[in-house]
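Geometric and topological summary
Letter by letter, the chains look like this.
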Amino acid sequence: LKHIANKGKFFGYLIAEGILQLDIFKHVSLITGLVSDGVIFVEFLMFQLLLTTAKKSEVKKRDSTGKKTLSYKNDTLVRLLDNGIKLENRSVIMKGLLYFTKKNLKYKKCIPGGKKSKNYERDVRRMEWAVPKFIEIIEEGINGF
């Protein structure tokens, strides 16, 4: 299980960094064709992909009182989906990613550390932005076809 999770995280990181493209999913049936090990692999891949993208999307500022505030830019996720999928594969891959993200991505079990740790809270915050935003961007892309 740890071996599968580590490989999934590795590939998720490679996609988030632009080394691999989301087009790698063109031959993977995310809706019906995954065995249990495949679901675990893709779940950790998606977790790492979205976590890394959320980290890159964070904008840290200080308000007028000097308190640190965080916001997120959407352009990293949009660029990942727009540039990472060829037009002829876009519909199938986006529908598969949407289905998998909604049905199978249980990201809280992928986050290491205890629930009270600062790192856990940070990763949950990032994923709570990334997952709904990813779904929203995909749904807008699908409706654009």
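Relevant structure appears above.
Some words on the overall build of the chain
- Of the regular secondary structure elements, the chain holds five helices and two strands.
- The order of α-helices and β-strands along the chain, N terminus first, is α-α-β-β-α-α-α.
- In summary, the chain has a C-alpha radius of gyration of 16 Å against a globular reference of 15 Å for 145 residues, a match within 12%.
- Its C-alpha atoms give the chain principal-axis dimensions of about 50 × 35 × 25 Å.
- Here the chain, with 145 residues, has 43% of them falling under the buried criterion.
- Considering only contacts within the chain whose residues lie at least 6 apart along the sequence, 73% involve residues at least 24 apart.

Thoughts on the side chain of R126
- Summarising the element assignment, R126 is placed in helix α5 (residues 118-143).
- Residue R126 is classed as buried on the basis of its relative accessible area of 7%.
- Residue contacts for R126: discarding those within four places in its chain leaves L51, A54, K55, E58 and Y72.

What to know about the layout of surface pockets
- In this structure, the largest pocket spans a volume of roughly 170 Å³.
- Together, 14 residues line the largest pocket, and I15, A16, G18, R79 and L80 are the ones closest to its centre.
- Going through the elements one at a time, α1 (2-16), α2 (36-57) and α3 (75-83) are the ones with two or more residues in the lining of the largest pocket.
- With four residues, the top contributor of residues to the lining of the largest pocket is α3.
- Split into classes, the residues belonging to the lining of the largest pocket amount to five nonpolar, six polar and three charged.

Description of the pairing of strand β2 (residues 68-72)
- By the bridge criterion, five bridges tie strand β1 (residues 58-62) to β2 in an arrangement that is antiparallel. Paired with E58 across the two strands is Y72, which belongs to β2.
- Between the antiparallel neighbours β1 and β2 lie five residues, among them G66 with a positive phi of about 90°.

Digging into the packing of aromatic side chains
- For the structure on display, the rule yields three aromatic pairs.
- Aromatic side chains Y72 and W129 sit 4.6 Å apart centroid to centroid with 10° between the ring planes, which places their arrangement in the stacked category. Here Y72 is found in strand β2, whereas its partner W129 is found in helix α5, with 57 residues between them in sequence. Pair check on accessibility: Y72 and W129 agree, each one buried.

Cut-offs used in this document
Residues numbered from 1 in each chain as written. Predicted model: local features only at pLDDT ≥ 70, side-chain atom pairs only at ≥ 80, totals over all residues. Heavy atoms only, no water. Helix = DSSP H or I, 4+ residues; strand = E, 2+ residues; numbered from the N terminus. Rg over C-alpha atoms; globule rule 2.2 N^0.38 Å. Buried < 20%, exposed > 50% of the residue type's maximum accessible area, 1.4 Å probe, protein only. Contact = heavy atoms within 4.5 Å. 1 Å grid on protein atoms, 1.4 Å probe; cavity = no way out; pocket = protein on both sides within 12 Å on 5 of 7 lines; lining within 4 Å. Points joined across faces, edges and corners; volume = space filled by probe spheres on them. Nonpolar A, V, L, I, M, F, W, Y, C, P; charged D, E, K, R; others polar. Pairing = 2+ DSSP bridges. Phe/Tyr/Trp six-rings, centres within 6.5 Å; stacked < 30°, edge-to-face > 60°.

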